[in-house]
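For reference, the chains in residue letters:
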Amino acid sequence: MASPSAALIDRQALSELNTLRRGPAWLRLSTHLLLVVIAGWLWRQPDLALPWRATALLLSGIALATCFAPLHECCHRTAFRSRATNDAVAWLAGVLSFYNATFYRRYHQWHHRFTHQPGRDPELEDPAPTSWPGYLKELSGWTWWSGKLRGHARLLWGDLSALPYLNPEVIPQVRRSARLQALVYALVLAVSCVGANGFLFWSWLLPLAVGQPFLRFVLLAEHSGCSFSDDGTANTRTTLTLAPLRWLMWNMPFHAEHHLYPSLPFHALPQAHALIAPQLRHLDHGYLRVHRQLLADLPSLAIPAPGRA
């Protein structure tokens, strides 16, 4: 987080923006989950015309993949007023999108502490692609799926002691959460097999695989091509985009604002943007434009050698 961030928004305005409200989060969550359910149900209707089923599959997949957004907001504990509600929704959204919320909260705190700083930000352990094959592999979701399998296995059985954001007191809690999540998946698999309905694959894994490239396309724009420094006005990008995408992503496209002021609830980010937009080094109109810029010089996205950041 940038050191001069406090000067970008005056104290009174920041206090007003930091006010937590129940309504926006419940409305956003209910409509998000409703899209998952309705689109998923339509996709499984064999009598529906194929183009409509394909559209429903795509929408269901995007809605499932972007459950990462409520996971992210609730891990900050700013979406709802209640800490317990934030934690419960984060865990549910993590189950749906194949993240473990208990682990991700600590991982993400470290990401905010050392945003885009080589050797310190854990997100840079999965660096941005620097070639066309790497770019296509990233967008396909292959890197994400393989990383998720390794990551969940590590949470269940691996050595977590070397992770700086997990202290010895937290590790047992993370293990229990990961095991409970694995039990949920095992139960869904059992129900799918016993009922011979293929629910786990057809209504969850396949849609999530279809929707994952959409999420990769959005998340790749957040820091790629930005400064490898501790300046929050330069190391994170805000992307101005369509209202439906902002809705699905819980205003995460206002990403520089979020990093400069992580205490702000998602519904306050548009107002924060209006106040600090002129100070942002990376403010782009549309994800297609961002990706054209990235593709123009993919090698430049490489993490700099030590001492050159």
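This write-up is about the structure you can find in this document. Please read all numbers here as calculations on a predicted model, not as lab measurements.

### Here's the deal with helix 9 (residues 171-194)
Link 1 in the chain: Its 24 residues give helix 9 an end-to-end C-alpha distance of 34 Å, which sits within 8% of 34 Å, the value for a rise of 1.5 Å per residue.
Link 2 in the chain: By the burial criterion, the buried members of helix 9 are Ile-171, Val-174, Arg-175, Ser-177, Ala-178, Gln-181, Tyr-185, Val-188 and Ser-192.

### Observations concerning the environment of Asn-251
Link 1 in the chain: Among the structural elements, Asn-251 can be located in the loop between helix 11 (243-248) and helix 12 (255-260).
Link 2 in the chain: You can call Asn-251 buried: its relative accessible area is 7%.
Link 3 in the chain: Spatially, the C-alpha atom of Asn-251 lies 27 Å from that of Trp-41, the residues being 210 residues apart in sequence.
Link 4 in the chain: When residues no more than four places from it in sequence are discounted, the contact partners of Asn-251 are Arg-28, Arg-246, Phe-266, His-267, Leu-269 and Pro-270.

### Description of the pattern of salt bridges
Link 1 in the chain: All chains considered together, the criterion is met by three salt bridges.
Link 2 in the chain: Note that Asp-284 and Arg-237 form a salt bridge whose closest N and O atoms lie 2.9 Å from each other. Taken as a pair, Asp-284 in strand 2 (residues 283-285) and Arg-237 in the loop between helix 10 (199-219) and strand 1 (238-240) lie far apart in primary sequence, 47 residues in all. For the pair Asp-284 and Arg-237, one class covers both residues: buried.
Link 3 in the chain: Each of Arg-77, Asp-87 and Arg-105 takes part in one network of salt bridges that share partners.

### Structural notes on the nonpolar core
Link 1 in the chain: Membership of the largest hydrophobic core comes to 60 residues, with the highest contact counts inside it found for Phe-68, Leu-71, Phe-103, Leu-166 and Trp-204.
Link 2 in the chain: The element that contributes the greatest number of residues to this core is helix 10, accounting for six residues.
Link 3 in the chain: What Phe-103 contacts, discounting residues up to four positions off in sequence, is Leu-155, Leu-163, Tyr-165, Leu-166 and Val-174.
Link 4 in the chain: Counting 14 residues, the second-largest nonpolar core is a separate cluster that includes Ala-256, Leu-260, Tyr-261 and Ala-272.

### Re the environment of Arg-106
Link 1 in the chain: With respect to the helices and strands, Arg-106 occurs in helix 6 (residues 101-113).
Link 2 in the chain: For Arg-106, a relative accessible area of 15% translates into the label buried.
Link 3 in the chain: For Arg-106 and Asn-167, which are 61 residues apart along the polypeptide, the C-alpha to C-alpha distance reads 9.7 Å.
Link 4 in the chain: Sequence-distant contacts of Arg-106, that is, excluding residues within four places in its chain, are made with Tyr-165, Leu-166, Val-170 and Gln-173.

Analysis parameters
- Residues numbered from 1 in each chain as written.
- Predicted model: local features only at pLDDT ≥ 70, side-chain atom pairs only at ≥ 80, totals over all residues.
- Heavy atoms only, no water.
- Helix = DSSP H or I, 4+ residues; strand = E, 2+ residues; numbered from the N terminus.
- Expected span 1.5 Å × (residues − 1).
- Buried < 20%, exposed > 50% of the residue type's maximum accessible area, 1.4 Å probe, protein only.
- Contact = heavy atoms within 4.5 Å.
- Salt bridge = Lys/Arg side-chain N within 4 Å of Asp/Glu carboxyl O.
- Core = buried A, V, L, I, M, F, W, Y, C linked by side-chain atoms within 4.5 Å.

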